[in-house]
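# Structural overview
The chain contents come next:
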Amino acid sequence: MIRTVVTAGLVLALGAFLLTWLEVQKTTRVIAPDVYVAVVAALFAVGGLWLGWRMAARRYGPDFIRNEAAVRSLGLTGQEMRVLAELASGRANKEIARTLGLSPNTVKTHLAHLFGKLEASTRTEAVARARDLGLIP
């Protein structure tokens, strides 16, 4: 976590320095305003792509290994695991039902079973418990 904060801070500081330097160059007429706009646009585009890549890599990181022993000990079915993954994504019951091709009542039943097996009373608590057990990333 500290590494992420330090990296983000350094990237933001470097970006702020670069933008300020470009502004000074534009003000002193070393570079044309059109070049300034193009460079700033390119910096924001590259920064956005980098940030998107970092977020996607973190979300679906290759280093996550599901705790299959916990899955077996809790007696979770494949469908319950799929519902749990959708629940962790922050989806509503209707969205989960649509994504998995289930009825909303079936999703509610799976959620009730998950809450019982994970000993949770809320959606947030169930997701937190599942993450602690290594069931979901």
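Scroll up a little and you will see the structure.
### What to know about helix α4 (residues 78–88)
At 3.6 residues per turn, the α-helix brings residues three or four places apart onto the same side. Every buried residue of α4 is listed here: E80, M81, V83, L84, E86 and L87. In this fold, the buried residues of α4 make contact with α3 (68–74), α5 (93–100), α6 (104–118) and α7 (123–133). Just past α4, the residue G90 takes up positive phi, approximately 90 degrees.

### Things to note about α5
Regarding α5, the residues found buried are N93, I96 and A97. Buried residues in α5, looked at end-on, bunch into an arc of 100 degrees, giving them a common side. Opposite the buried face of α5, by more than 90 degrees, sit the exposed residues K94 and R98. In this structure, the buried residues of α5 make contact with α4, α6 and α7. A positive phi of about 70 degrees marks G101, the residue just after α5.

### Observations regarding a nonpolar patch on the surface
A cluster of nonpolar side chains, contributed by L14, F17, L18, W21, V35, V39 and L43, occupies part of the molecular surface with about 610 Å² of accessible area. Those elements that provide at least two residues to the nonpolar patch are α1 (2–27) and α2 (33–59). Per element, the largest residue contribution to the nonpolar patch is four residues, and it comes from α1. Along the polypeptide, L43 turns up in helix α2. By relative accessible area, L43 is classed as partly exposed at 32%.

The rules behind these values
- Residues numbered from 1 in each chain as written.
- Predicted model: local features only at pLDDT ≥ 70, side-chain atom pairs only at ≥ 80, totals over all residues.
- Heavy atoms only, no water.
- Buried < 20%, exposed > 50% of the residue type's maximum accessible area, 1.4 Å probe, protein only.
- Helix = DSSP H or I, 4+ residues; strand = E, 2+ residues; numbered from the N terminus.
- Contact = heavy atoms within 4.5 Å.
- Arc of directions from axis to C-beta.
- Patch = residues over 30% accessible without salt bridge, like charges linked within 9 Å, V, L, I, M, F, W, Y side chains within 5 Å.
- Areas by Shrake-Rupley, 256 points an atom, 1.4 Å probe, with all protein chains shown as cover.
- Salt bridge = Lys/Arg side-chain N within 4 Å of Asp/Glu carboxyl O.

By themselves, these are just geometric observations and shouldn't be taken as functional.
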